[in-house]
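# Topology and contacts: notes
Residue-level listing of the chains:
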Amino acid sequence: MRRVLFVDDEPRVLQGIENLMFDVDDEWEVETSTSGAEALELLAQSHFDVLVSDMRMPEMDGAELLNRVRVAFPNVALFVLSGHAEMRPLLKSMNAVHRFLGKPCSGPHLIQTLRETAELLSDLEATTIRESIGRVTSLPPSTPCEAIFPPTRERLVACVESDGVTALRLLRAANLFVADGVAHSIASAIDHLGCELACDIVRQVDSVGFAGLDQEVIDLLNDHGRLVALGARALAGEAEYADQAYVGGLLHDVGRLVFYVTSPESFRGVHPLETIELEQHGKTHAEIGSTILALWGFPDELVGVVRDHHNLELAVASYPSVMSCVALAEDLMDELFSGHPAQVRTMMDNAVVEEMMARIRPVWENR
Amino acid sequence: MEGSEQRIAELERKVAMQQATIDAMMDELEKRQSTTEQTRFQTWARQAQFINVIQQKTESLQAALAKNNELTSSLQVSESFLSAVVDSLPIRLAILDGDGTVVRVNRIWREESSHLGPVEGGNLLAFYRVRSAAGEVPPQLHNAIASVIAQKFPTYLDHTEFGNLYFQTLVTRIPDTTHVLVAHLDITALIQAQKALERERRETELLSLVTRHTENPIVILDGNAKVTWTNTAFDQVSGMKITGQNALAVAAQISDDPGVSALLGEHIRLGRHYQSTHSMIGADGSRYYFRVELKPVAGESGTPFFMMVLNDVTENVRVQTTLASERKLLENVVSNVPHAIYWKDRYSRYQGCNEAFARNYGLTIGDIIGKRDNELIPGKDGALGFARENSVSRGGHPVLGVEETFESENGPQVMLTSRVPLIVDGQINGVLGIFADITAFKHMEQELNQARRLEAIGQLSAGIAHEINTPMQYIGDNIHFMDKAVTMLLDLADKVDGLAAREDGVGSDAREWLKQCRYQVIRRNVPGAIQSATEGVQTVSQIVQAMKAFAHPGGRELKMADINAGLTNTITVSRNEWKYVAEVETAFAAECVVRCNLGELNQVFLNLIVNAAQAIADGVDSDHPRGKIIVRTADLEDAVEVRVTDNGPGIPASVQPHVFEQFFTTKSVGKGTGQGLALARAVIERHHGTIDFETSSSGTTFRIRIPKNHVEQGAA
């Protein structure tokens, strides 16, 4: 049984939801609360998998409740169920929120979303990872975007594209505030959100996520992501998915970032063996990364890229595609980095590999 | 006797010599009468000496005469000579005896000087005493004569003043006698000349002082342009001492006016008067402007010299330059200011205007000046303007910030007008009008008002949506719950219904229960009731969502948005506008996402749909009971196209050109503001898109195109 806590200042809403959840009372145990303070008490008394909160409430509003829960109970997945259309008040708690549901939300949709989240969360049984998910998107960028003034669309795009953590946050915000899977590229995320909101999201950095972390490690991961992104875009060339390939490259190692944030003390460099990952976390970084992107409503294609970016056979078979551009770019980049021949050399025609290498090499040389 | 004759001859010779000497001296005296002071004094001194000489000679002559009594006859001759000599002297001579009685006077005394003293037989002492007492003669003269007679001192020599006349007076004893010689030499002319000279000298001194210290720099040049004198002012302003230098060279050096030297030279050469203004760089490095006046002056000796007076007009020139540049500035301001400016006299005739004003009339400035409004454009109704102008130019009170609407070729023109009295020398001389074209601002203001209205509507509907959404949430949840619950209950009831077939007591109870709760009706109607309640909740939710999305309180930013969704929402919220007159059909392309401000576009869509519905409503009758509105979207290569078609009667040809004009409306009062399509066009233009229409008697299609790839540079 999973446990869910609904918070709303309108008791009839809570009663309605309790009635609704009657349908799935074999899966979910439901508790309700009419105030944030009471909700915090309930959370302190027993574990909940999901908290679903209204935004506009007297005394303690939803944003404050979510922020408190995020710090005090980091392994609770947070949903917003609000009739309020304005996105801005959500900004402060966006790093903590998994899903935004608008009122009125149909019963089947609410139940479906809860189910999906529960399934994804069950993939992250290790509670330490669940706790750190919310921190990943509030990390400071390697290149501070605050310096960009005035924040034009072009500058914002350039700024976000240079920083994986910021890109993750922005795309996640687009999924959260506009629609799941709406944004396949940085530019489209900015266009959907509007420059003003995008700019505020870019600046939404806080110290909660950063505690105990080393900026150098984050920078290393970030640099790697950017390099693969540039490589993937170079391989995609004129293809219309070039920007998606870039985003795929930028985010492909998000799982490693999660591992680092989860247990920085046991982090074994930027390229640990998957066996170590499995040993430590029970999952590879590709599995964890894709699960998290799915949890945050990223487009399926992007989730697939993260999940399969080490699956070179699939990459070779599906070439050219978003996923293959990312996987091959990383493999070829690795040859330039380490000097060991790329694995793909044994899998593809040499002329094709050399053609790809010719696109990758300038990126490596101008890094 | 022979010796006596010799002596007489010698005397005669001496007398002759003396006569000659006297003549020469007289000549000299006359000649010198008009010469300089110094010479005059010399003459005077010589005369004094001469008198002494005469005196001495006379003495010696008389002594000789006395000693040679025996030679009387000869002496008489001599005496007559002497008399002649004495008489011919221009000096007034009188010989007195010991008590002051005049013994002998010379001719000039006798003939011309009776007022100075008596002739032989009169007593000069007595005369002077009387005259002294009367103040006519200086008292010392009487005393002097008395003292000389009394032998207190031998000689008295002094100036004496008789009325207007001045004399050099000599009183001396004639040696070896008791006689006294009184001689008056008339020096009046001398004294007067001296006084005149003194006056002149003082005047000159004064003039020189004035010249030296006057503020006007002054330079005196000789005929060769050599500087002979400069005053302090010149020295100070030029910072140099140029006396002795060539003025032309100096002029070439200190004036930055290259021609000035040649000009001055030419005038000096011709001895002409010259006057002009020249600039020069002063000792302080700043530029001075001088009115230079070169005056030829005839010198005493006949050689010409030149006086050059410089009059500092730097301040005047500066004021003139400033005025000129201020005038230039003013002209620039007046001609370049975007406002239309004109000024009229008290009789409403244009005295001037700027380009902007002339452009408004489609005329040139020259066409306008001197005319009245009604002369410029026949039949132009300037009555209102005239009344305002009149009150300004008569009453003297400015009328500021009045909004007036004028008809122009490009439609109505809204002007912010100000009229102020034109005051010249304290008199109201006309009126100055300043018209600012605020048409664009008025349009903007209206758009802004519209935007504010939209924003307010957006906020309001967001609030209402929130209010509605909360109950809709639990209504929906509860209906969902009831659906499940009722389904279970009906299953239960069905089982009871199954029991009703039994013949036993259970069966009869079951029949009774089912009858009591009218089971058959419930069984038949409940699923439908729940179904329609669910649908109702969905419909309300959709409307509320549409309302929320329609108002779209997302600021004025452009974002990626789905045009199809916008149209769907707009059709939903405007249902009440069209549902009685038309059906709405939609034919949407699959993907119509474009960077836009959907809130504004929704407003445009609403206008088109409402216009379409109203066009159809005008044509609805028994033959055409309901019209049709078709909303289509198309995903073109580089743009998204929206077409709204109605099957109304079409737009009349006369109306077609004005469709997009601000404030143009064919609707009756209260039905429209005439802003709809003008605003629609403004919104579409802001999206860099186009809006146009096709119309015929069978309907009208408005078409909007919004480009896909227009990224505004630098837009935040």
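Notes on the structure follow. (Residues numbered from 1 in each chain as written. Chains lettered and ligands numbered in written order. Predicted model: local features only at pLDDT ≥ 70, side-chain atom pairs only at ≥ 80, totals over all residues.)

This part takes up the overall build of chain B. Along its length, chain B carries 22 helices and 22 strands. Considering chain B as a whole, with its 716 residues, one finds that 29% of them fall into the buried category. For chain B, long-range pairs separated by at least 24 residues make up 51% of all intrachain contacts whose partners lie at least 6 apart in sequence. (Helix = DSSP H or I, 4+ residues; strand = E, 2+ residues; numbered from the N terminus. Buried ≥ 20, exposed ≤ 12 C-beta atoms within 10 Å, placed from the backbone. Contact = placed C-beta atoms within 7 Å.)

Let us now look at the packing of helix α2 (residues 36-45) of chain A against helix α3 (residues 62-72) of chain A. Residue and element names in this part refer to chain A. In contact at an axis separation of 10 Å, α2 and α3 are set at 20 degrees when each is read in the N-to-C sense. With respect to their mutual orientation, α2 and α3 come out roughly parallel. Here α2 and α3 pass one another in a crossing that is right-handed. Counting all contacts with α2, which are made through G36, A39, L40 and L43, the residues of α3 involved are E64, L65, R68 and V69. Taken together, the residues of the contact of α2 with α3 break down into five nonpolar, one polar and two charged. (Axes fitted to C-alpha atoms, helices over the stretch in contact; angles between N-to-C directions. Parallel < 35°, antiparallel > 145°, perpendicular 65-115°, else oblique. Left-handed = near helix turned anticlockwise from the far one by under 90°. Nonpolar A, V, L, I, M, F, W, Y, C, P; charged D, E, K, R; others polar.)

Attention shifts here to the interface of chain A and chain B. Each partner contributes residues to the interface: chain A has 29 residues there, and chain B has 26 residues. Listing elements by their share of the side of chain A that touches chain B, those giving two or more residues are α1 (11-21), α8 (186-193) and α9 (195-202) of chain A. Considering every element that reaches the side of chain A that touches chain B, the biggest residue donor is α1 of chain A, with seven residues. Residue classes in the side of chain A that touches chain B are distributed as 11 nonpolar, 11 polar and seven charged.

Let us now look at the nonpolar core. One finds L51, L170, A198, A232, V258, V326 and A329 of chain A to be the most contacted residues of the largest nonpolar core, which totals 118 residues. In terms of nonpolar packing, the next biggest core, distinct from the first, is built from 41 residues, C596, L598, F605 and I609 of chain B among them. (Core = buried A, V, L, I, M, F, W, Y, C linked by C-beta atoms within 7 Å.)

A few words on the pairing of strand β10 (residues 304-312) of chain B. Residues and elements named next belong to chain B. In this structure, strand β6 (residues 218-222) lies alongside β10, joined through five bridges in antiparallel fashion. Within β10, the position partnered with I218 by the bridge is V309. The pairing of strand β9 (residues 287-298) with β10 spans nine bridges and is classified as antiparallel. In the sheet register, R291 faces β10, and the bridge partner there is N311. (Pairing = 2+ DSSP bridges.)

Let's shift gears to the sheet that holds strand β3 (residues 155-162) of chain B. Residues and elements named next belong to chain B. The five strands lie next to each other as β2-β1-β5-β4-β3, forming an open sheet whose pairing is antiparallel. One side of each edge strand has no neighbouring strand; the edge strands of this open sheet are β2 (102-105) and β3. Ignoring strand direction, the axes of neighbouring strands in this sheet form an average angle of 20 degrees. Of the strand pairs in this sheet, strand β4 (residues 165-173) and strand β5 (residues 180-186) are connected by seven bridges, and their pairing is antiparallel. Bridge pairing links L170 to A183 in β5.

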